[in-house]
Amino acid sequence: MRLLFLLATTLSAQQLMFPPVRGTREMVGAANNFEVEAGFRLLSAGGNAVDAGVASTLTAAVTEQARFGLGGEMPLIITMKGKPPIVISGVGTAPKLATVDYYSKRTPEPWEDPTRLAPIPGEGIRAAILPGAFDGLILALQKYGTKSFADVAQPAIEYAEGFPLGEEFANFIKNGERLLSTWPTSKTFFMPNGSPPPRGTIMRMPALAKTLRELVAAEKKKRGNRTKKLQAVRDYFYRGPIAQKIAAFSEANGGLIRLEDLKGFQASEDTPRTTTYRGYTIVKPGFWTQGPVMLQALNILEGYDLKAMGHNSPAFLHTQVEAVKLAFADRDAHYGDPKFSKINEATLLSKGYAATRRNLINPDRADMESRPGPIAAEHNSVQDTTCVNVVDRQGNAFNATPSGAWLPSVIAGDTGIPLSTRLQSFVTTKGHANELAPGKRPRVTLSPTTVLKPDGSVHLIMSTPGGDNQDQAMLQVLINIIDFGMSPQEAVEAPRFQTEHFYSSFAQHEFVPGRLRVEGRVAKPVLDALRAKGHLVTASGDWSNGSAPTVILLHDGILDGGADPRRLRFIFGR
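Residues numbered from 1 in each chain as written. Predicted model: local features only at pLDDT ≥ 70, side-chain atom pairs only at ≥ 80, totals over all residues. Heavy atoms only, no water.

Our next topic: the packing of helix α6 (residues 149–160) against helix α10 (residues 206–221). At a closest axis distance of 9 Å, the pairing of α6 and α10 adopts a crossing angle of 165°. One way to sum up the angle between α6 and α10 is to call them roughly antiparallel. By crossing handedness, the relation of α6 to α10 is classed as left-handed. Along the contact surface, α6 presents Phe149, Ala150, Ala153, Ala156, Ile157 and Ala160, while α10 presents Pro206, Ala209, Leu212, Arg213, Leu215, Val216, Glu219 and Lys220. Within the contact of α6 with α10, the residues separate by chemical class into eleven nonpolar, no polar and three charged. (Axes fitted to C-alpha atoms, helices over the stretch in contact; angles between N-to-C directions. Helix = DSSP H or I, 4+ residues; strand = E, 2+ residues; numbered from the N terminus. Parallel < 35°, antiparallel > 145°, perpendicular 65-115°, else oblique. Left-handed = near helix turned anticlockwise from the far one by under 90°. Contact = heavy atoms within 4.5 Å. Nonpolar A, V, L, I, M, F, W, Y, C, P; charged D, E, K, R; others polar.)

As structure tokens, then:
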């Protein structure tokens, strides 16, 4: 055992791939230099973290459409200096025509295998929910920002007029060419010359640039104060010409979105869900996301001395994996939109319930079942996401996980707006908390994390892409920082595991009992010890974990940033 501990700790202390990024005034973390530049442009112009975060997110909707588009969705945690965190739900809802009965009678899409038909398609216009992220951004800007829409949209407009295409974006277009070619508007948008554009070439999105400029014009035309002007932007998108174009395109092409749906949609504020861990308060969005999975897992793990086990030792990894599996089992059985489903939140997040769950963990054997707790409720290839994190010089924090409308996406007519396919995250099981219903939010995997110090000030913010893997990846990063004293960059680079012992949130909703992927930098004797406990271990690539967090840690007047090298994360501070 001593040898295993030394091997694991030696590997975790290896030289960093990326140099740490630190500053004393402000910091922006995102997926590429364009997004970070957009945020810093607003900070340099006197904007706050919310202004910068909105600008970065709008720029992501242009330059990172492999992962997120303007028709997507976004949970957001905002923490203004001296005030408690608030959550904004920028997650679209199911159209009124989207019912379990409708999908029970559906026929296969041209690209689907009729012998393996998902309850709801994973691609195409029949999987589209209402665009939610845009209204979430306008709500955040209206209530907590200081700048105009014209200010925060300017970087995105400039990039939509032309930017060098990145490797990942280019690869997604190439890999999705067959599907994109079945949708004429998408082929025109992503392949204007008829074939996938090579990396490094200039990508132009004139239709999207035109839409953004129209939204700016709506703001400038409106008389009145800043609030009324931003409302005009929102109305132009959800009630005016853009909504009319989206609805007309949807109806003409077999989609379910109608103008009435768009007019009735509104992003909303929500109370964060929290727990404590080692004296810190962990803040997550609610049960309409998978965020409480992390809270439940931390409640279970708080009963163990993880540091004494040794970082990435067999006991350490086994204990975390089993805690995560129990938390995911509750997610799969009990989580859904609280506006539609009664969820026993108090029990699920209680320390007493965690103690009963902790007793189910066998230190010598991996569990092969999905074991949700006896809560009063009916039971029954990662899609992706990006992240935007901003801390400004006043100490305000913007922490978002934008997602949806990823490639291959259907472009809604001449708007340049890709539609999200998040309807696939619903289930059709009668009585389930996440059962499809008109006007309901699908339970999303998107899950930013904010951690508060005992005095209520921000300790760190963190978010990541990675689908179902998001919360287990951030859990490991958080434990690396809190229990093992790692810097953010050390914490995101340390080798990670990824259990797939849950019901997938996408399309087929597969359950893969016992499968555990562990990065190859973890020593072979450790993997062998996990196999001996019954885990179905796959030694994956050294840097293969499906998530890639960015982290901003605040301490002693310093902003300490971490950007995961696994998935093109980018962070800058000054």
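This brings us to the environment of Ala217. Mapped onto the elements of the fold, Ala217 is located in helix α10. Ala217 gets classed as partly exposed once you look at its relative accessible area, which sits at 41%. (Buried < 20%, exposed > 50% of the residue type's maximum accessible area, 1.4 Å probe, protein only.)

With that settled, the discussion passes to unusual backbone geometry. Cis geometry is adopted by the peptide bond preceding Pro408, which originates at Leu407 and carries an omega value of -5°. For Pro408, the position within the fold is in the loop between β11 (397–400) and β12 (449–452). For Ala405, which is not glycine, the phi dihedral falls at a positive 60°. Looking at the element boundaries, Ala405 is found in the loop between β11 and β12. Residue classification places Ala405 among the buried positions, given a relative accessible area of 1%.

Next up on the list: empty space enclosed by the protein. In this model, the second largest cavity occupies a volume close to 30 Å³. Class assignment of the residues belonging to the lining of the second largest cavity gives a composition of one nonpolar, one polar and five charged. (1 Å grid on protein atoms, 1.4 Å probe; cavity = no way out; pocket = protein on both sides within 12 Å on 5 of 7 lines; lining within 4 Å. Points joined across faces, edges and corners; volume = space filled by probe spheres on them.)

Inspection of the secondary structure puts Gln296 in helix α14 (residues 292–301). If near-sequence neighbours (up to four positions away) are discounted, Gln296 is found in contact with Ala327, Asp330, Tyr335, Leu348, Leu349 and Tyr353.

With that settled, the discussion passes to the sheet that holds strand β16 (residues 536–540). If you walk across this open sheet you meet the three strands as β14-β15-β16, and the pairing is mixed. Each end of this open sheet is capped by a strand with a single partner; those strands are β14 (497–499) and β16. Averaged over all neighbouring strand pairs, the angle between strand axes comes to 20°, with direction disregarded. Pairing of strand β15 (residues 515–519) with β16 involves five bridges; the strand directions are parallel. Paired with Leu516 across the two strands is Val537, which belongs to β16. Each of β14 and β15 is contacted by helix α16 (residues 314–334), which is oriented at about 35° to β14, the strand it contacts most. Sheet contacts for helix α21 (residues 524–532): β15 and β16; angle to β16, the most-contacted strand, approximately 160°. (Pairing = 2+ DSSP bridges.)

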